[in-house]
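# Fold and contact review
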Amino acid sequence: MSFGIDDLPVRDELRGKSPYGAPQLDVPVRLNTNENPYPLPEPLVERIAERVREAARHLNRYPDRDAVELRTRLAEYLTKTAGHPVGVENVWAANGSNEVIQQLLQTFGGPGRTAIGFEPSYSMHGLIARGTGTGWISGPRNEDFTIDLAAARKAIAEHRPDVVFVTTPNNPTGNAVPAETVLALHDAAQSAKPSMVVVDEAYVEFSHGDSLLPLLDGRPNLVISRTMSKAFGAAGLRLGYLAAHPAVVDAVQLVRLPYHLSAVTQATALAALEHTDTLLKYVEQLKAERDRLVAELRALGYDVTESDANFVQFGRFEDSHAVWRRILDRGVLVRDNGVPGWLRVTAGTPAENDAFLDAVRELKKEQGS
Ligand SMILES: Cc1ncc(COP(=O)(O)O)c(C=O)c1O
């Protein structure tokens, strides 16, 4: 018998669990992890090389622990794109928004505390809660994947969570959450007890609507979490950030590892931020492709959830995993998120999306699925 995890004295709540991760299969068309399909443009690659070369000259030293230059540039980006003034004191950065979320849960969650999310949603919120010893509460959604506000208010009043997650646009469903709903959840949470509301805006650049950043005004318990993994096409960089009241930025520094953001990461992110305008042009192309996927899937007779993200949820299938497999057999990898009856496809290049649409068209012809 081989020695395994459960033979080690691991924490009870980790026993029998599997690590997070979409299958990384080597197929021609990969539309399963909501990545941006466009490689970084060559002038940006050159600029990254330049910036990293300069950073390499100082790698004998620890990096700027507070990443001040990077946070300043991120604040400028937010101010420009969300039309709401944000300063360096409002911004914090870490290795992907997953680390931002981890730091938030280490700060505001933890043993004896709870967090709530409205599922199906980004499963890492629950997994990071578990990893930080925070109790996880799965809140409800309506049939159409909008947040059931009455039920959400009830769950908040009953459980009095310390952290409330709202993902907008939501992953894996794609729909955005209206500002009024976020405000109602925020107010419900505060009336239960002072608690943090984390709005995960990983996909907001792809949205038809605006960022909820202006809601930060006068709401020190609200946090907006963002990433460079999607709109900036830099998932490999691992750079996430948050905007919030300066007190939140001070608070997360109580749990961050010293020098958590390497000098190479900071240099690369700074180079990418110099090319924001070019990168956001790809976002426009992806939004158009996302809208095309929605229209064509609907024309084929599929149910499609309204999407404000760079992916589309479609269904309904009696056996979504079997359909996932049949699409894969045609060389296209989409995502089975375990939402019964539904699958999710990331908007790729026009050619990748054509390959996906051809695959589902064939399925329709074969079996009327
Ligand atoms: C809603 C949501 N938040 C956060 C993340 C994590 O992003 P990052 O790459 O910045 O850790 C993802 C990634 O898929 C996501 O879907």
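Sequence positions are assigned chain by chain, starting from 1 and proceeding in written order. Where local features are concerned, this predicted model is filtered to residues with pLDDT of at least 70; where side-chain atom pairs are given and counted, the filter is 80 or more; whole-chain, interface and lining totals use all residues. Excluded from the side-chain calculations are hydrogens and water; all other atoms, namely the structure's heavy atoms, are used.

### Thoughts on the domain arrangement of the protein
Delimitation of the domains relies on an automatic or database domain assignment. On domain assignment, one finds that the protein holds domain 1 (23-41 + 277-367) and domain 2 (58-274). The centre of domain 1, based on its C-alpha atoms, is set 26 Å off from the matching centre of domain 2. In this analysis, two residues are considered to be in contact whenever any of their non-hydrogen atoms come within 4.5 Å of each other. Facing 26 residues of domain 1, the contacting portion of domain 2 comprises 27 residues. The contact between domain 1 and domain 2 buries some 2100 Å² in all, and 56% of this surface belongs to carbon and sulfur atoms. When two parts are brought into contact, each loses some accessible area as probed by a 1.4 Å sphere; the total of that loss over both is the buried area. The three residues of domain 1 that bury the most area against domain 2 are Leu279, Asp308 and Phe311, which together make up 25% of that side's buried surface. Think of a salt bridge as a Lys or Arg side-chain nitrogen and an Asp or Glu carboxyl oxygen that are within 4 Å of each other. Between domain 1 and domain 2 we count two salt bridges in total.

### Focus on the site of the ligand
Every one of the 13 residues lining the ligand counts as a neighbour, but Ser97, Asp200, Tyr203, Thr227 and Ser229 are closest to it. The definition of a polar contact used here is a pair of N or O atoms within 3.5 Å, where within protein one atom must be able to donate a hydrogen and the other to accept one, and adjacent residues in sequence count solely through side-chain atom pairs. One of the backbone nitrogen or oxygen atoms of Ser97 is found 2.6 Å away from an oxygen atom of the ligand. By residue number, the principal contributor to the shell around the ligand is helix 3 (residues 96-108), which donates three residues. Residues are grouped as follows: nonpolar covers Ala, Val, Leu, Ile, Met, Phe, Trp, Tyr, Cys and Pro; charged covers Asp, Glu, Lys and Arg; every other residue, Gly included, is treated as polar. Residues of the shell around the ligand, tallied by class, amount to three nonpolar, seven polar and three charged. Throughout this document, a residue counts as near a molecule or strand when at least one of its heavy atoms sits within 4 Å of that molecule or strand. What counts as a helix is a DSSP run of H or I of at least four residues, what counts as a strand is a run of E of at least two, and both are numbered from the N terminus.

### What about the pairing of strand 2 (residues 91-94)?
Note on classification: 1.4 Å probe, protein chains only; a residue is buried when its accessible area is under 20% of the maximum for its type, exposed when over 50%, partly exposed between these limits. Of the two faces of strand 2, the one holding Val91 and Ala93 and the one holding Trp92 and Ala94 are both buried throughout. Pairing between strands is defined by DSSP: at least two bridges between them are needed. Summarising the sheet, strand 2 and strand 8 (residues 240-244) pair through four bridges and their orientation is antiparallel. Across the sheet, the residue bridging to Ala94 is Gly240, located in strand 8.

### Quick look at the sheet that holds strand 10 (residues 311-315)
Strand pairs in the sheet, formed through backbone hydrogen bonds, run parallel or antiparallel to each other. In spatial order, the strands read 9-10-12; together these three strands make up an open sheet with antiparallel pairing. Two strands in the sheet have a free side with no partner beyond their single neighbour: strand 9 (303-304) and strand 12 (342-346). Where helix 10 (residues 320-329) meets the sheet, it contacts strand 10 and strand 12, and its direction lies at approximately 35° from that of strand 12. Inter-axis angles, ranging from 0 to 180 degrees, are taken between N-to-C directions of lines fitted to C-alpha atoms, where helices are fitted over the stretch in contact.

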